Every structure is written in C-alpha cells, then in structure tokens.
Amino acid sequence: MLGFWAVVLAVGVLIGGRVFEGSVAGTGNGGSESARGTSVVQAADPVQGTVTAVVDGPAVGAEGVKAAVQQASSELAKLPGVLSVADTYSTGGQLTADDGKASLVSVRMADGSSAKQLSAVTDRLEQITADGAHTVVGGDLVLQQEVKDQTAKDTRFGEIVTLPLTLIVMVLVFGGLAAAGLPGIGAVASVGGALLAMFGFSRIMDIDTSVLPIATVLGLGLSIDYALLMVNRFREERGHGATIAQAVERTAATAGRTVAFSGLTVAVALSGLFVFTSPVFRAVAVAGVSVVVIAVAAALTLVPALLGFMGRRIKAPTSPVPDEGFFSRTVRRVQRRAVPVMLACVALLLAAGAPFLGSHFRNSGADVLPKSFSSRQVAEAVQERFPQQAPAPVQVVVEGTAQQAQRYADTVVAALPGVSGVRAVTPVSDGVQTVDVLVKGDPQGAEAKRVVGELREHRGGLNTYVTGDAASLVDFQHEIGSRGPWALGLVAAGTLVLLFMMTGSVVLPVKALLMNVLSLGASLGALTLVFQHGYFSGLLGFTPTGGLETIIPVLVFAFAFGLSMDYEVFLLSRIKELHDQGHGCLRSVELGLQRSGRIITSAGLLMVIVFAGFAAGQMLMVKQMGVALAVAVAVDATLVRTLLVPATMSLFGRLNWWAPGPLRRLHRIIGLSEHVDLPPLTPPAVPAPRAAEPRHWCPRPRLGRMRLTKFGHACVRIEHAEGAVLIDPGMFTGPEVVRDVSALLITHEHMDHFTEPQVRAAVEANPGLRVYTNRSVARQLDGIGARVTVVGDGDAFDLDGLPVTVHGEWHAEIHPDIERIHNIGFLLGGRVFHPGDALTVPPDTVDTLLLPLGAPWLRVAELVDYLRDARPRQAVAIHEATLSEAGQAVHGRLLGPQGPAPAAWSTGCSPPASRSSWSDGPPGGPVAGRAGRRAAARG
C-alpha cells in the first residue's frame, strides 16, 4: 500500500502539476444567452484572443517612436500564429490615447496558437523602447496566462506555508514528531492524487483555473483532518494497551467509519453543484468530489499502513482522556444558562451575517490580479486613456447584415433608457455583426442590468444575443436564483437522510441544518465586509472591487456547509455513542464534548491555517475563498460546537432523539453508526509487573566490588561500592526498584527496554535520579523532571566513582523487520559490558558480557560471530523472550541451558549453577559455553 501511494504521489507531482497548463481562465455560464452569443462570435471569427501593448512616453508623432512601432508591427505580422496587427499609424490614429502621449498595438492570435507563439509576440512587443518609450504588454491572452501562472504559484505557496505550520501544531497536539508527521504525509499524498485526478478530468472537460486551488485546499484540509482523527484514535487504543496491529485494526473500524461517513456528507454537499449548468460549477463539483474520495481513500489505506510501519515511534498517552476538563466545565456552565447562551449565539451569528444582505456581485476581469501585473496595468490604461477602445459593458451579437445591425442600433438600441451611447457596428463575418452598447453609471450596476433586460425584450425583429460583462452577470444571477433552491434542497435532503441514518433522530438533523446555515451566514457576512467594503484590505493585500465574485457565495455555501457538517458528524457520533451506552442527555453532551472537543478544535485550527495560507496568495478569487472558509471553520469549531450545540441539546433533552415510530423501525433496518462494538483487548502474554523485591537474588557474581541482579524482562541492576545503577528499566519494573538507584541507563526505545510512564514513575519515586540515554529516547523524556543527559558513541562519564563509557550508535541490522533506531551500549568499570541491541564489539576483552540473547529475531550466525569477536571471559543471557526450539538448543550449547521453560527462566537471573555464566572467578577464569572457551583459547 505504501508503494502504491508513493507511485500516486510521484505521478501526481510529475504529471498532475501540468493541470494548470490545460485549465481555462473563465468558462462562461453554460447555455445562457450570453454564452451562446459568445459562441456565435467565436464560430464566425476563429480568433483565440488579443495581445495588446501600451506604448507610453513621448508623443505619438515622434519619428523614433513611429519607426519603432511600425517596425515591430511588420515583424509581428510575420510571426507564426498571428492573424493581424493594428497600430495607431495603420488605423488613422484610432489607437491613440486622449492625451496624445500613448498608443496601442493590437495583435490578434489565431485559434490554436501555442504558448510559445504567444511568448514570441509578447517578447517582441516589449522591445519597443525607442526615444524613451515604455511598453507594457497585456490583453486577454496575457491576462489568461498570468492568471494561470499566478494561480499555480498561489497553490504552491499555500502548500509550502501551511504544511510546516500544521506540522508544528500537530507536534503540540500529539507531543511527538512521528505522530505529527503522519497527517502531513497523508496530506501530501492526497494532494498528489487530487492533482492527478484533476489532470485526467481536464482532458475531457474544461476546468476553470480558479477551480484548481479551491480543490487543492479542500483536499489538503480534509486529508489533514482525517489523518488527525486516525492518529488520535490509534494513540488512544495504544494507551489502552493494544498492540500496534490491534490498534490499527480498531482505529480503522471506529475512526475509519467516521472518516468514511464524514467524507460522504462533504461529497453530498458538493454534489449540489451538479444542479447548475455553468461549467465552472460542474467542474468544481467533479474536482471536489474526486478530492474528497481521494482524501478518504488515503485516510483509510495509507494512514493505517503508516501507523503499522511507524507505530513504535508514536507515543501512546499514559491515561485516557479525563471526563473532567475545560470542555466539560464549559458545557455545565452552558447548561445552567442554556436559553441566554442560545439566544446570544443566534443573535451574534445573525448580526455577523447581516452584511451579506447588502452584497453586490461582479464578474471580475483583470482586477483579479494585483496592480503590479502587466495585464491589469494595460486594462486600466485602456479604460482610463483609451475609452473608445475599452470593452463595452453590453454587446449585442446580431445575426444579419451590417445594414440591418446598424438600423437596429440606431432605431432600437440608442432609444432605450439607460443607454449612453452606441459605437459603430463591427462586422465579424458576412452574417454576424456586433454592436457595442455604453451604459450610464457602473458597467455592472443596476442600470446596466436594466439595459440588458430591455435589449432582450426589444430585438427589432432580428436574431440577437445580448452579451458582455453585464449580461453574463445577469445570466449568472438568474441561474443561481432559479437553480439554487433545487441545489439547496438536494443538499438538505441528502444531509437529513445521512444524519438520520447515523442518529435515528429527525430533530438532530434539522437542528444541524439550521446551525450550519447560521455559521454559513456569518462567513458570507465577513466576506462582504472584507471584500466589498474593504475592511482589512491593506492587511490582506488587495484592492476592493466593490462587490463579490459571482460564483464565490455558491462555492462558499457548498464547501463551508460540507465542512461544518464534517464537525457535526465528529461531535454527534461521540454523543450518540455515549447516549447508547446509557448516559443521560445532559451527561452525554458533557462527556461527548469533553472527549471530542480537543480533537475538533485542533482539526478546526489546522483547517484555518490551511485556508489562511491560501488566502495569503495574490489571486483575488482564491483569497476570497480562503478568508470565507477560514471564518466558517473558526466559527463552527468554536462558537457553534462549544456553545450553541450544547445549549440547544440541553434545551431539547430527550426530544433530541425523537423520531416517528415508522422511522424508528426503518432506522433499525438501514441505520448506520460511527461506533462499532469491538471485542475487548486481549492482554499480551507477558509476565505481570514485578513487585518491589525480585523473586530471586543471585548470590553471584561479585566482580571485585560489583554485584549484578536481574529484574523483569531485560532489566539489570549493578551495585558498586558507592551506589547502584539500573540498565533498561523496561515495562515491568516498578518504581520501588529505583529508590536507591543513582542513575538509569537506557539503551534504546523498544518497549521492553524503556517506556515513558515507567521512567516518569521512577523519577517521582526518586527525584534525584539521573538518566543517561541516546537522543531519540531523550526527546521522549523531555519535560518529565529528570536530569536527562544525551550520550553517544565514545562519550564517558562518572557515576559516583563508577566510570562509564558509551559504545554504539544504531540498532544492529540483524533482521529486516527491525526498524532503524538509535541504540547504544554501556561499559561499566571497564569490566561489565551491556551492548544493548547495537551489539557493538567491546574495545577490550571484558569480564562479563550482558547479552540480550532471547529475542526470536537473533539468528544463530550473528550470535556465533558476535561471541567470536567480543571474546568475553563470561557471558550472560539477560533477555526473556521465548526462543524457538532451535534457538534454545543453540543457546544451551553456547551459554548453558535456559531452563526447563521460559517461565522458569523468568523467575531466575542466571542459568543453573552447574553451568552458570555468573561467576566471581579471576580474569581468565571460567568461560560460559563452547564459543567462550574457543574465544579464550584464541586469545
């Protein structure tokens, strides 16, 4: 599975990144009249677009400027892909600015011209610099290219900024880098898959450029949230004592169901966009649903695989989430004042949404880009200095002769109220003409819209199409007004059905819909204040256009509604689970928010970071979506889930779970549940925790003034003249054992050698305890209150007169299933060597080698080779894991019998005395086993 997702990521980055090349900047609005009129013009005049240059500086009549412009026009006309070139000198001064100090050069590009050909044209235009002239290149084709390029940059910027920030937040949430990194890995893989999916869709349908960052930000946010849930549940299961395999299985069975259900609700919300006919809405729906599917698939397949692979590195909590805390106290306060809290929240949300009632909508052109972009500079220059060349707000496409079109313009169009002027008829072909209509006031204001309606009522007996920005705006608003209720009904019905299947209630789904509408209204209100009225425009780095982009409210509704329902599922599933367990309504709400509030708030914070990162980009549409969704998630994850939901559920009481009898019976048949009953965890077959005193104290060896005692699984206590130390406390060592110990020496981070709760307990029992370990373990012990010293290969220190040196750096590579982790060994007093699982050969022959032999992964060949190289005078097997029969036979031949059974070995600390490797003989004395004797003979 990891390999599959690695391929998806690689292909998505290499190929999916090209999706911006195939995107379309502006896809019209489906089968509307304005779109049909544009199609008629394009069919009659197969031109791809225009490149326009403003040559500014000296007077237009200057000989040097004239020669440079005419030379450029001549060369441009010969370039491939160029249909025609017009300048002020070839048009009799029509392309001259009102002040006479600037002129235009207009290049019409053939349909199908390539980006390379466009680049050649822009490069040549920029070379017009004679007599100090300054040339700025723009036009619709340059605008489209700059929008594509900046959208791609904003998308990459958002990913680069948000991923590190979310990683930092997740480190704070989980307290470890391994757990925090998994959602980031899942998010990156999901984005790669999403880009690949959108690249595929772009081959069969037009994908608006603005769709790409919106879909990317959705995939990034959802995948982080879903992985966060999965990792959090995995840690909970590990904290309850589950093995890694058990924890992964239980995580997939519980949190995995939540993720799948949540993804379904988000997909339903986005599916409402299919009701609209505009290609941009359908493209968003296709891209959004595919992104949701990929995010869910990554959470259900990639994240469990990563948990199984990296599970050992993820710190398990020491105790379950307490039933008393910030969220439970907040709920009790809310429940005591449920009515005032509910009324205050509703009033606040209604007030926040009120500005949206006065919102205006606009079709943005070059103003979607910052003023520093050349295409916007050219558009503004044309509008201000070349008013006769500026695009008309309304254009009428006439299917007829030029004479018919002129008669229609003079007798019908010019006579309409609100029309300030009519330009000369422009022939497109023999049977298609265009009439540019100028209006009074705002080109996209109420008067312009009224003119569009008048033109559509008075066609002069001709076949006409009313197009232009004002007409497109009217068509968009008509589509939203006519199809919006159907889309809203579809989303509402789907959401009600899904929530009913989850809860079995008809009250909770309706209440969830109403609260989502309130939070959505607050988001749209904030959007209006910021982007229409200009609040915080300086901080966000944009110039207000006086209205909202037409498609933004619809997209915000679909995305924000789905995300809000996402958090509703997170909270309701936990409350429903507790209610089904027998808790009363008030207690279910209290416990449900206490146990899920932290993860909901964390997920909301991560979403806000993701959306804010994209809002920091340059594109106005992406900025609007980022701000709106960030506000929606922030309001929903805090005000709504923490205050409004507890208040309303407390007021409704048992009514929360009401449903008519027939629906209750239906729910018992088709109902779904986030919670799934799992069999209780079977504790691992390991010895019980040790008491304060070991079951068996070994009377030997006494190596000079040192005494060795074995406890539990793999723990060794070494006493010397001035004190005692403990090596690898393990998970079976009680705090009583360390009360008179001056130091803990920890070789590595496997659970049989070290667990953070045991070390914490040891520190509490012995406040002066010192801990020496490698940097990997030290990171996990950060903040427990002990004096932790990081040591590595070659370091030396003193423990109350006992010299200690460190050998080794990494876990021995002795089996492919053993992960690569830091591992060190300790040489004490120059005589006793514990190599850890690094299995580093000691620098000199040592008296006693403490050998962790019992693990089943240790192969016979490694054991023989290691003993041959180490040449100990005596060796002791200190690991208690069960050996295979072959392993036991080898163990007996090399180091003496292990004992009649593993249980017998676990109660003692050495092999039987007849062949004991624990000995107080002098150097060169008894050697344990044949390999030891052979090594001594060689020495």
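See the structure printed just above.
What this report covers is the structure whose coordinates are included nearby.

Cut-offs applied
Residues numbered from 1 in each chain as written. Predicted model: local features only at pLDDT ≥ 70, side-chain atom pairs only at ≥ 80, totals over all residues. Heavy atoms only, no water. Phe/Tyr/Trp six-rings, centres within 6.5 Å; stacked < 30°, edge-to-face > 60°. Helix = DSSP H or I, 4+ residues; strand = E, 2+ residues; numbered from the N terminus. Pairing = 2+ DSSP bridges. Axes fitted to C-alpha atoms, helices over the stretch in contact; angles between N-to-C directions. Patch = residues over 30% accessible without salt bridge, like charges linked within 9 Å, V, L, I, M, F, W, Y side chains within 5 Å. Areas by Shrake-Rupley, 256 points an atom, 1.4 Å probe, with all protein chains shown as cover. Salt bridge = Lys/Arg side-chain N within 4 Å of Asp/Glu carboxyl O. Buried < 20%, exposed > 50% of the residue type's maximum accessible area, 1.4 Å probe, protein only. Core = buried A, V, L, I, M, F, W, Y, C linked by side-chain atoms within 4.5 Å. Contact = heavy atoms within 4.5 Å. Polar contact = N/O pair within 3.5 Å; in protein donor to acceptor, adjacent residues only side chain to side chain.

This next bit is on the packing of aromatic side chains. The relative placement of two aromatic rings is captured by the distance of their centres and the angle of their planes. As enumerated under the stated definition, the model contains eight aromatic pairs in all. Judged by centre distance (5.5 Å) and plane angle (35 degrees), the ring pair of Phe557 and Phe561 falls under tilted. Within this pair, Phe557 and its partner Phe561 are both found in helix α18 (residues 552-580), separated by four residues, close to a single helical turn. Following the ring pairs from residue to residue traces out a cluster consisting of Phe276, Phe281 and Phe476.

Moving on, we come to the sheet that holds strand β23 (residues 848-851). The six strands are arranged β19-β20-β21-β22-β23-β24 in an open sheet whose pairing can be described as mixed. Of all the strands in the sheet, just β19 (796-799) and β24 (874-877) have a single pairing partner and so form its edges. Averaged over all pairs of adjacent strands, the angle between strand axes in this sheet comes to 20 degrees, irrespective of strand direction. Sheet analysis places strand β20 (residues 802-807) next to strand β21 (residues 825-828), joined by four bridges and oriented antiparallel. Considered in β21, the bridge of His807 is made with Gly825.

The next point concerns a nonpolar patch on the surface. A cluster of nonpolar side chains, namely Val339, Leu343, Leu651, Phe652, Leu655 and Trp658, defines an oily patch on the protein surface of about 550 Å² accessible area. For the nonpolar patch, the secondary-structure elements that each account for two or more residues are α11 (338-353) and α20 (620-652). You can see Trp658 is positioned in the loop between α20 and α21 (661-670). Trp658 gets classed as partly exposed once you look at its relative accessible area, which sits at 44%.

Our focus in this paragraph is the nonpolar core. Among the nonpolar cores identified, the biggest contains 148 residues, and Leu222, Tyr226, Leu273, Phe281, Leu555 and Phe559 are the most heavily contacted of them. If we skip the residues at most four places from it in the chain, Leu222 touches Val266, Val292, Ala295, Leu563, Asp566 and Met607.

Turning to its location among the elements, Thr411 is positioned in helix α13 (residues 402-413). Since its relative accessible area comes to 52%, Thr411 is described here as exposed. For the pair formed by Thr411 and Gly460, sequence separation is 49 residues and the distance between their alpha carbons is 8.7 Å. A polar contact of 2.6 Å, which involves the side chain of Thr411, links it to the backbone oxygen of Arg407.

What follows concerns the sheet that holds strand β1 (residues 47-56). Strand order in this open sheet of four strands is β2-β3-β1-β4, and the pairing throughout is antiparallel. Two strands lie at the open edges of the sheet, namely β2 (82-87) and β4 (134-138), each paired on one side alone. For this sheet the average axis-to-axis angle between neighbouring strands, irrespective of direction, equals 15 degrees. Where β1 lies against β4, five bridges are found, and the strand directions are antiparallel. Each residue of the ladder has a partner; that of Thr52, found in β4, is Gly138. In the packing of helix α3 (residues 63-77) onto the sheet, contacts are made with β1, β2 and β3 (102-110), and the angle to β2 comes to roughly 170 degrees.

This paragraph deals with the side chain of Glu590. With respect to the helices, strands and loops of the structure, Glu590 is situated in helix α19 (residues 585-615). At 2.7 Å, the side chain of Glu590 and the side chain of Arg332 are in polar contact. A distance of 2.8 Å separates polar atoms of two side chains, one belonging to Glu590 and the other to Arg587. Apart from residues no more than four positions distant in its own chain, Glu590 is found in contact with Ser328, Val331 and Arg332.

In short, geometric facts, not functional conclusions.
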